[in-house]
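An overview of the molecular structure
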Amino acid sequence: MADLSPQELRVLAAVADSGGFSAAGAALGLTQSAVSHSVRGSEAKVGAVLFERGRGGASPTPAGERAVALARRILRMYEVLGAEARGAGRGALAGVLRIAAFRSAALHLLPPALERLTARHPGIRPEVRVVRELGAGTAGEVAAGRADLAIATLNAGGAGGPGGPGGGATGSVPAGAAAPGRLLTGVLREEAYALVHPAGHPDPRSLPLLDWDENCGSYTRDWWRAQDWIPRATVKAEDDGMVLTMVGRGLGMAILPELSLREATDAVDITGLGPSGPVRRVGYVTAPESASTLAVRALIRELRSEAG
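None of these values were measured; they are calculated from a predicted model.

**So, the overall build of the protein chain**
When helices and strands are tallied, the protein chain shows 11 helices and 12 strands. When the 308 residues of the protein chain are sorted by exposure, 49% land in the buried category. For the protein chain, the exposed area adds up to about 13,900 Å²; of that, 53% sits on carbon and sulfur atoms.

**A closer look at the nonpolar core**
Inside soluble globular proteins, nonpolar side chains tend to come together where they are buried. Within the largest apolar cluster, 25 residues are counted, with the highest numbers of intra-cluster contacts made by Leu 97, Leu 149, Ile 151, Leu 299 and Leu 303. For this core, the elements supplying multiple residues, two or more each, are β3 (94–101), α5 (103–108), α6 (110–120), β5 (149–155), β12 (279–286) and α11 (294–307). Of the residues forming this core, the biggest block, six residues, is contributed by α11. Not counting the four nearest positions on each side in its chain, Leu 303 is found in contact with Leu 109, Leu 110, Ala 113, Leu 149, Ile 151 and Leu 188.

**Comments concerning α6**
Within α6, the full set of buried residues consists of Leu 110, Ala 113, Leu 114 and Leu 117. Within α6, the buried residues cover an arc of 95° as seen down the axis, which keeps them to one side. In α6, the exposed positions that point more than 90 degrees away from the buried face belong to Glu 115 and Ala 119.

**Description of the packing of helix α1 (residues 6–18) against helix α2 (residues 21–28)**
Where α1 contacts α2, the two axes come as close as 8 Å, and the packing angle between them is 120°. Compared by their axis directions, α1 and α2 come out oblique. You can see that α1 and α2 cross each other, and the crossing is right-handed. Side by side, α1 and α2 meet where Arg 10, Val 11, Ala 14, Val 15 and Ser 18 of the first sit next to Phe 21, Ala 23, Ala 24 and Leu 28 of the second. Across the contact of α1 with α2, the residue classes break down as seven nonpolar, one polar and one charged.

**Topic: the pattern of salt bridges**
The tally for this structure, following the rule as stated, stands at 21 salt bridges. The partner of Glu 238 in a salt bridge is Arg 132, with the nearest N and O atoms 3.6 Å apart. Residue Glu 238 is located in the loop between β9 (235–237) and α9 (240–248), and its partner Arg 132 is located in the loop between β4 (123–130) and α7 (137–143); the two are separated by 106 residues in the primary sequence. Within this structure, Arg 189, Glu 191, Glu 258, Arg 262 and Arg 280 form a network of salt bridges that share partners.

**Let's talk about empty space enclosed by the protein**
Counting across every chain of the model gives three cavities of 30 Å³ or more. Counted as a void, the second largest cavity has a volume near 40 Å³. What lines the second largest cavity is Arg 73, Arg 76, Arg 98, Val 142, Gly 145, Ala 147, Asp 148, Ala 287, Glu 289 and Ser 290. Put simply, the parts of the chain that give the lining of the second largest cavity at least two residues each are α4 (62–90) and α10 (288–291).

**Details of α1**
Spanning 13 residues, α1 covers 18 Å between terminal C-alpha atoms, matching the ideal 18 Å at 1.5 Å per step. Turning to α1, its buried residues number three or more, namely Glu 8, Leu 9, Val 11, Leu 12, Ala 13, Ala 14 and Val 15. Count one or two residues on from α1 and you reach Gly 19, which has phi positive near 85°.

**So, the packing of aromatic side chains**
In total, this model carries zero aromatic pairs according to the counting rule given. Taking NZ or CZ as reference, Arg 205 lies 4.0 Å from the ring centre of Trp 229, over its face.

**Some details on the packing of α1 against helix α3 (residues 32–46)**
Running from N to C, α1 and α3 cross one another at 110°; their axes reach a closest spacing of 9 Å. When the interaxial angle is binned, α1 and α3 end up roughly perpendicular. Where α1 abuts α3, its residues Glu 8, Val 11, Leu 12 and Val 15 lie against Val 35, Ser 38, Val 39, Ser 42 and Lys 45. Within the contact of α1 with α3, the residues separate by chemical class into five nonpolar, two polar and two charged.

**A short note on the environment of Met 253**
Mapped onto the fold, Met 253 is located in the loop between α9 and β10 (254–257). On the accessibility criterion, Met 253 (0% relative accessible area) is buried. Remark: the alpha-carbon pair of Met 253 and Leu 207, spanning 46 residues in sequence, is separated by 5.8 Å. With near-sequence residues (within four places) excluded, Met 253 lies in contact with Leu 195, Val 196, His 197, Pro 204, Arg 205, Leu 207, Pro 208, Leu 209, Leu 210, Trp 229, Pro 231 and Val 247.

**Overview of the layout of surface pockets**
Here the largest pocket is characterised by a volume of approximately 210 Å³. What lines the largest pocket is a set of 17 residues, and nearest its centre among them are Arg 76, Val 80, Ala 94, Val 96 and Ala 295. Going through the elements one at a time, α4, β3 and α11 are the ones with two or more residues in the lining of the largest pocket. For the lining of the largest pocket, the element with the most residues is α4, which contributes six residues. Residue composition of the lining of the largest pocket, grouped by class: 10 nonpolar, three polar and four charged.

Conventions used here
- Residues numbered from 1 in each chain as written.
- Predicted model: local features only at pLDDT ≥ 70, side-chain atom pairs only at ≥ 80, totals over all residues.
- Heavy atoms only, no water.
- Helix = DSSP H or I, 4+ residues; strand = E, 2+ residues; numbered from the N terminus.
- Buried < 20%, exposed > 50% of the residue type's maximum accessible area, 1.4 Å probe, protein only.
- Areas by Shrake-Rupley, 256 points an atom, 1.4 Å probe, with all protein chains shown as cover.
- Core = buried A, V, L, I, M, F, W, Y, C linked by side-chain atoms within 4.5 Å.
- Contact = heavy atoms within 4.5 Å.
- Arc of directions from axis to C-beta.
- Axes fitted to C-alpha atoms, helices over the stretch in contact; angles between N-to-C directions.
- Parallel < 35°, antiparallel > 145°, perpendicular 65-115°, else oblique.
- Left-handed = near helix turned anticlockwise from the far one by under 90°.
- Nonpolar A, V, L, I, M, F, W, Y, C, P; charged D, E, K, R; others polar.
- Salt bridge = Lys/Arg side-chain N within 4 Å of Asp/Glu carboxyl O.
- 1 Å grid on protein atoms, 1.4 Å probe; cavity = no way out; pocket = protein on both sides within 12 Å on 5 of 7 lines; lining within 4 Å.
- Points joined across faces, edges and corners; volume = space filled by probe spheres on them.
- Expected span 1.5 Å × (residues − 1).
- Phe/Tyr/Trp six-rings, centres within 6.5 Å; stacked < 30°, edge-to-face > 60°.
- Lys NZ or Arg CZ within 6 Å of the ring centre and 35° of its normal.

Laid out in structure tokens, this is it:
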């Protein structure tokens with residue numbers, strides 16, 4: 001990618017984002033032929049076909065997906081260069097900070113950290129996107145160059161895998177120094193799962209299981225499999241907040257992590273699952289080049305302070 005100009009990188013990203021050469025040209029103020037010429041030139045330099053062309057537009061090939069992700073990340077470094085230099089000289093940070101987070105983290109973990117961060121650095125403008133922890137999940141937003149930092153579910157070893165009774169695959173990534181796509185991770189908190197059931201119910205384990213697709217990854221699958229009292233989910237909800245509401249309505253029981261239980265009301269009772277119960281790790285994910293920027297480092301400090 002070193003011999004591609006910033007403009008060529010912008011064209012690649014625009015074609016991927018818009019799904020076609022004409023739309024990319026309109027977004028960049030270029031003609032369709034200029035976009036096509038730029039893409040062909042980039043493909044020649046890279047030595048790979050980056051887009052499949054068709055009547056419906058253009059879609060990245062596997063090589064193109066990787067090239068576009070790197071293009072976005074390189075362009076992001078151009079964007080933050082000035083803010084970084086000024087921040088290093090004056091000690092005051094400024095500019096947009098792009099964050100991806102799953103729902104309960106965006107509701108409960110991020111706001112206090114962002115409040116402190118923006119109080120210390122009023123020039124920082126956080127942009128938070130809520131992303132479901134499915135497939136690539138929040139970490140995928142960082143890998144694709146759409147976020148500077150993600151709050152993600154991390155596991156102790158191996159990539160995300162089959163979930164609990166619902167069988168959904170999550171966007172979890174390994175905890176430790178590096179994640180897929182050469183991303184950097186750090187654990188912010190470990191939180192236990194608990195049994196949640198309608199308040200006062202005499203036998204909550206007899207209730208049907210309520211679940212949602214993001215629940216549970218490879219870090220809990222062994223525990224799920226060993227529990228013969230947990231049935232397959234009979235009801236699937238959109239997210240953990242909906243599950244909690246449905247439990248409060250008496251429609252079943254659920255197994256939820258601590259962040260999700262911040263919204264619990266008196267309509268539900270919460271029962272611990274003991275020392276052998278499942279625990280999930282929640283942490284940050286960032287790219288190596290973003291990890292060295294002042295704004296991302298400042299946010300990580302605030303997140304660690306909040307979690308600590």
